[in-house]
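Structure at a glance
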Amino acid sequence: MKNNMLRGKILRLLSDMYPDGIERTSLIGIYHAYEHVDDIDKSVAYLIDKGYCSKTETPHPYKANMFVTYYKITPKGIDLIEGNCEPDTGILIPLEA
């Protein structure tokens, strides 16, 4: 899958999860059968850098010195999904099912 398509699918998933986010391991679990973990991480990093989603790390509840990472769509990401702003050529948003 092309990176711009993966970014769009991730953003659509985050939009469907709104107002909640998703844990990194869950996100990887959804897409790992089709994509390498590196590609998933790079796609999410792109979305974060562009301001379409945010990343939060909280201490792991059971493991010392470990963190749990969560991703959540931002208002800018919602606007992109809903078509309320200029399209981003780096993100191909899939149509809703």
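Note that the coordinates shown come from a computational prediction; the quantities given were computed from them, not determined experimentally. (Residues numbered from 1 in each chain as written. Predicted model: local features only at pLDDT ≥ 70, side-chain atom pairs only at ≥ 80, totals over all residues. Heavy atoms only, no water.)

1. With respect to the sheet that holds strand β3 (residues 67–73)
- In space, the three strands of this open sheet follow the order β1-β3-β2, with antiparallel pairing throughout. A strand with exactly one partner marks an edge of an open sheet, and here the two such strands are β1 (22–23) and β2 (53–59). (Pairing = 2+ DSSP bridges. Helix = DSSP H or I, 4+ residues; strand = E, 2+ residues; numbered from the N terminus.)

2. Digging into the packing of helix α2 (residues 24–31) against helix α3 (residues 37–49)
- Packing of α2 against α3 leaves a shortest axis separation of 10 Å and a crossing angle of 125°. Relative to α3, the element α2 is oriented oblique. Pair α2 / α3 crosses with right-handed handedness. In contact with Arg24, Leu27, Ile28 and Tyr31 of α2, α3 contributes Val37, Ile40, Asp41 and Val44.
- When the residues that make up the contact of α2 with α3 are grouped by side-chain class, the tally is six nonpolar, no polar and two charged. (Axes fitted to C-alpha atoms, helices over the stretch in contact; angles between N-to-C directions. Parallel < 35°, antiparallel > 145°, perpendicular 65-115°, else oblique. Left-handed = near helix turned anticlockwise from the far one by under 90°. Contact = heavy atoms within 4.5 Å. Nonpolar A, V, L, I, M, F, W, Y, C, P; charged D, E, K, R; others polar.)

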